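What follows is each chain in one-letter form.
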There are 2 protein chains.
Amino acid sequence: MSNCDLCVVRNRAICASLDAKELSALNTVGRTRNVVAGESLIWEGEDSVLVANVIEGVLKLSTNTEDGREQIVGVVYPSDFIGRPFGGTTGHGVTALTDAKVCVFSRRDFDAFAREHPALEHKLLERTLGELDRTRRWMLLLGRKSAGEKMASFLVEMVERMDNTAGCAIRFEQPNRRHVTLPFSRQQIADVLGLTIETVSRQFTRLKNEGIVDLPSRREVVILDLDALVAEAG
Amino acid sequence: MSNCDLCVVRNRAICASLDAKELSALNTVGRTRNVVAGESLIWEGEDSVLVANVIEGVLKLSTNTEDGREQIVGVVYPSDFIGRPFGGTTGHGVTALTDAKVCVFSRRDFDAFAREHPALEHKLLERTLGELDRTRRWMLLLGRKSAGEKMASFLVEMVERMDNTAGCAIRFEQPNRRHVTLPFSRQQIADVLGLTIETVSRQFTRLKNEGIVDLPSRREVVILDLDALVAEAG
DNA sequence: CGAGGGGTTGAGATGGATCAATTGGTGTGG
DNA sequence: CCACACCAATTGATCCATCTCAACCCCTCG
């Protein structure tokens, strides 16, 4: 009696590589867990003890300098995989931005299972290669883009990823228009983009004055002209 | 008659997962190729047609904005893997920084071979996970570190990776001291760090004035106090 | 109604960029 | 072996995008 059958990410997470029998075997070593917004699942620098699939919600991956500056190095959405399989320490913490539901495994159990299921490892490899591509694209943003370009790129990427993720807090109103409930505070957006909170705030008011977005509340953004954002993303 | 037996990276590249028979099978679809400094092996945005192992030399992975700003998103050393297996377009170009020797495969051949050799895919997965960790650590540098911290971090990382790579242009003189022949021009260092060439130059002269490095020539750096660099890397 | 936390706005400081010479090393031809 | 050109790197002077510091605003909650 696997509850994977009911899992909403069943066909998009790495589990999609498994048949019913394999799935129920994996299910015996995993369990679902709810995480409230702000709660951490993994801490930077600790030995890798658990890995997980995201079922619901949005989480951040982040590192800090010794003196407390933070950089968010990744954002994960439903069906994404988190944690560091195959030994090693995790170089970044994992913290929920919204209330979330994840399917966790002890790293040792997962490692052992994966080594016996090449199709699962293959899926994980494809996912990791994709994540590496995405991360490298983000480096161009961090190293070479202006604050305006960063904000535009940020909003565009978030919308793209939410559009591809059922159950996310986004409304597709028209091809060029979206209504999003942000999973980020202003500070967190700053930590994604390598900016300060003040600069993020000023960019938001600029985009609003230019009629590209509307900001009904702190956590809501209405994108009025997605094409303009794409153009500005550089 | 596989020439893999003579390969200097045989035991460190992903090929280490293969036995003699498998290796010779892989060898029939691969060939070595020399690349001169400045030559590109893969272009940004093209369909992924080839993958390779680095045997000798140093290469950069880079992306550009439409208006020509460049960001180096990775640097690869002997035994590292390059290219994007399993479909997709390559998000970054690959260009030799020094004369280099690589072992290239058509992506299609490599994909097919890999899918039949889970041990190879496993090695590739471990390598990709490690590369992702390294890349994410670099995001902290790009997003949150000052020019001084960036330069120090850059030199420390380069030295660490060269120390672990036989045949690199580095002399280990004392635990706290190294003599390196840079595979990078000043502009390339700037493109790694998200700085301008002038800022890189000024940081070099500062480090020299502070007695942390010596600069006998454009392409040589003598690190006189590695601990100081580590401390300054933040 | 008052306190507190997140967000916005303003004014001023500054790290790094930009623009502009100048230097130094290397290769070439006389 | 020198004179010249060429290119990368350095140095200097100035500028400006973003940061910093500080005040204020707006919700929400008690």
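Criteria and cut-off values
- Residues numbered from 1 in each chain as written.
- Chains lettered and ligands numbered in written order.
- Predicted model: local features only at pLDDT ≥ 70, side-chain atom pairs only at ≥ 80, totals over all residues.
- Heavy atoms only, no water.
- UniProt positions renumbered as here; feature names shortened; annotations may be inferred.
- Helix = DSSP H or I, 4+ residues; strand = E, 2+ residues; numbered from the N terminus.
- Near = heavy atom within 4 Å.
- Polar contact = N/O pair within 3.5 Å; in protein donor to acceptor, adjacent residues only side chain to side chain.
- Nonpolar A, V, L, I, M, F, W, Y, C, P; charged D, E, K, R; others polar.
- Phe/Tyr/Trp six-rings, centres within 6.5 Å; stacked < 30°, edge-to-face > 60°.
- Buried < 20%, exposed > 50% of the residue type's maximum accessible area, 1.4 Å probe, protein only.
- Pairing = 2+ DSSP bridges.
- Axes fitted to C-alpha atoms, helices over the stretch in contact; angles between N-to-C directions.
- Contact = heavy atoms within 4.5 Å.
- Buried area = accessible area lost by both parts, 1.4 Å probe.
- Salt bridge = Lys/Arg side-chain N within 4 Å of Asp/Glu carboxyl O.
- Parallel < 35°, antiparallel > 145°, perpendicular 65-115°, else oblique.

- An unreviewed UniProt entry lists chain A under the name Transcriptional activator protein FnrL, with Novosphingobium colocasiae given as the organism.

### Looking at the UniProt feature "domain: Cyclic nucleotide-binding" (unreviewed entry) in chain A
Part 1: In the UniProt entry, the feature "domain: Cyclic nucleotide-binding" (unreviewed entry) is given for residues 14-83 of chain A.
Part 2: Span residues 14-83 of chain A is 14% helix and 44% strand, its end C-alpha atoms 13 Å apart.

### Quick look at the protein's contact with DNA strand D
Part 1: Around DNA strand D, the structure places 16 residues, and the nearest of them are Ala147 and Thr199 of chain A together with Arg186, Ser201 and Thr205 of chain B.
Part 2: Of everything in DNA strand D that lies within 4 Å of the protein, sugar and phosphate atoms constitute 62%.
Part 3: Here Ala147 of chain A contributes a backbone N or O atom positioned 2.8 Å from a phosphate oxygen of DNA strand D.
Part 4: Between DNA strand D and Thr196 of chain A there is a distance of 3.1 Å, counted from a phosphate oxygen to a side-chain nitrogen or oxygen.
Part 5: Listed by contribution, the elements that provide at least two residues to the surface near DNA strand D are helix H6 (197-209) of chain A together with helix H6 (197-209) of chain B.
Part 6: Classifying every residue of the surface near DNA strand D gives two nonpolar, seven polar and seven charged.

### Notes on the protein's contact with DNA strand C
Part 1: Within the structure, DNA strand C sits among 16 residues, and Arg186 and Thr205 of chain A together with Ala147, Thr199 and Arg218 of chain B are positioned closest to it.
Part 2: Taking the atoms of DNA strand C that fall within 4 Å of the protein, sugar and phosphate contribute 60% of them.
Part 3: Interatomic distance of 2.4 Å between a side-chain N/O atom of Thr199 of chain B and a phosphate oxygen of DNA strand C.
Part 4: Secondary-structure elements contributing two or more residues to the surface near DNA strand C are H6 of chain A together with H6 of chain B.

### Section: the packing of aromatic side chains
Part 1: Using the criterion set out here, one finds six aromatic pairs over all chains in the structure.
Part 2: A ring pair is formed by Phe81 of chain A and Phe110 of chain A, whose centres lie 5.3 Å apart and whose planes are at 40°; its orientation type is tilted. Of the two residues, Phe81 of chain A is situated in strand S6 (residues 81-82) and Phe110 of chain A in helix H2 (residues 107-115); the sequence distance between them amounts to 29 residues.
Part 3: Exposure remark for Phe81 of chain A: the relative accessible area of 14% places this residue in the buried category.
Part 4: Ring geometry for Phe105 of chain B and Phe110 of chain B: centres 5.9 Å apart, planes at 45°, overall tilted.
Part 5: Judged by relative accessible area, Phe105 of chain B falls into the buried class, the value being 4%.
Part 6: What makes Phe110 of chain B buried here is its relative accessible area of 1%.
Part 7: Connected via pairs of aromatic rings, a cluster forms that spans Phe81, Phe105 and Phe110 of chain A.

### Describing the sheet that holds strand S1 (residues 30-35) of chain B
Part 1: What the four strands build is an open sheet, ordered S1-S8-S3-S6 (chain B); its pairing is antiparallel. Looking at which strands have only one partner, the edges of the open sheet turn out to be S1 and strand S6 (81-82) of chain B.

### What to know about the sheet that holds strand S7 (residues 93-96) of chain B
Part 1: Ordered in space as S2-S7-S4-S5 (chain B), the four strands form an open sheet in which the pairing is antiparallel. Edge positions in the open sheet fall to strand S2 (40-42) and strand S5 (70-76) of chain B, since each of these has one partner strand only. When strand polarity is set aside, the average angle formed by the axes of neighbouring strands in this sheet is 30°.
Part 2: One ladder, built from two bridges, connects S2 of chain B with S7 of chain B; its direction is antiparallel. Of the residues in S7 of chain B, the one forming a bridge with Ser40 of chain B is Thr95 of chain B.
Part 3: The strands touched by helix H3 (residues 118-144) of chain A are strand S4 (59-64) and S5 of chain B; relative to S5 of chain B, the strand with the most contacts, the crossing angle is about 130°.

### Some details on the interface of chain B and chain A
Part 1: The interface of chain B with chain A comprises 43 residues on the first partner and 43 residues on the second.
Part 2: Across the interface of chain B and chain A, roughly 4,100 Å² is buried in total on both sides, 62% from carbon and sulfur atoms.
Part 3: On the chain B side of the interface with chain A, the three residues burying the most area are Arg136, Met139 and Arg144 of chain B, jointly 20% of the side's total.
Part 4: Inspection of the region where chain B meets chain A yields eight salt bridges.
Part 5: Close ionic contact of Glu149 of chain B with Arg69 of chain A constitutes a salt bridge, the shortest N to O distance being 2.8 Å.
Part 6: Here chain B is connected to chain A by 20 residue pairs in polar contact (both at pLDDT 80 or more).
Part 7: Within the residue set of the side of chain B that touches chain A, elements represented by two or more residues are S4, S5, helix H3 (118-144) and helix H5 (186-193) of chain B.
Part 8: The element contributing the most residues to the side of chain B that touches chain A is H3 of chain B, with 20 residues.
Part 9: The class makeup of the residues in the side of chain B that touches chain A is 16 nonpolar, 13 polar and 14 charged.

### Thoughts on the packing of helix H4 (residues 147-163) of chain B against H6 of chain B
All names here are of chain B.
Part 1: Put simply, H4 and H6 touch, their axes get as near as 10 Å, and they point 75° apart. By the criterion of interaxial angle, the relationship of H4 to H6 is roughly perpendicular. Here Ala147, Gly148, Met151 and Leu155 of H4 lie close against H6, whose contacting residues are Thr199, Val200, Gln203, Phe204, Arg206 and Leu207.
Part 2: Grouping the constituent residues of the contact of H4 with H6 by class yields six nonpolar, three polar and one charged.

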